[in-house]
Amino acid sequence: MDAGARGRVLAGVLARVPEPADAPLGELNRVLLAVWREEFGDRMECVTSCSACEERLEFELSAGAILAAGGAAAELPSVEHGG
């Protein structure tokens, strides 16, 4: 992310949460994700590795779907690949 994009994201967050030090962490995360979505789009390309075999895993998430869930307690998703 270049400096201009970082500045736009920070400005977007501060416009919605003028006192971030006083805001709940969940609210800051929701605002940050909403600003991210506006700046970079809905699709988030993710990469991680399996803790058991260290195989690289790539997947996409929807920022809108995360925001729509709104912090509702839901069963955590899991992925199994090749055992």
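Shown above is the structure to which this text applies.
Residues numbered from 1 in each chain as written. Predicted model: local features only at pLDDT ≥ 70, side-chain atom pairs only at ≥ 80, totals over all residues. Heavy atoms only, no water.

Moving on, we get to the pairing of strand S2 (residues 56-62). Remember that side chains alternate between the two faces of the sheet whenever the strand is regular. Of the pairings in the sheet, the one linking strand S1 (residues 43-49) to S2 comprises 7 bridges and is antiparallel in character. Directly across from Val47, in S2, lies its bridge partner Glu58. Count of turn residues in the S1/S2 antiparallel hairpin: 6 residues, of which Glu54 carries a positive phi of about 65 degrees. (Pairing = 2+ DSSP bridges. Helix = DSSP H or I, 4+ residues; strand = E, 2+ residues; numbered from the N terminus.)

With that out of the way, let us pick up helix H1 (residues 3-16). Along its 14 residues, H1 runs 20 Å from first to last C-alpha, staying within 8% of the 20 Å computed at 1.5 Å per residue. Along H1, the positions that sit buried rather than exposed are Ala5, Val9, Gly12 and Val13. The buried side chains of H1 occupy one side of the element, clustering within an arc of 95 degrees when seen end-on. Facing away from the buried side of H1 by over 90 degrees, the exposed positions are Ala3, Leu10 and Ala15. Those residues of H1 hidden inside the fold are in contact with helix H2 (25-40). One side-chain oxygen of the residue at the start of H1 lies 3.1 Å from the amide nitrogen of Gly4, identifying that residue as Asp2. (Expected span 1.5 Å × (residues − 1). Buried < 20%, exposed > 50% of the residue type's maximum accessible area, 1.4 Å probe, protein only. Arc of directions from axis to C-beta. Contact = heavy atoms within 4.5 Å. Polar contact = N/O pair within 3.5 Å; in protein donor to acceptor, adjacent residues only side chain to side chain.)

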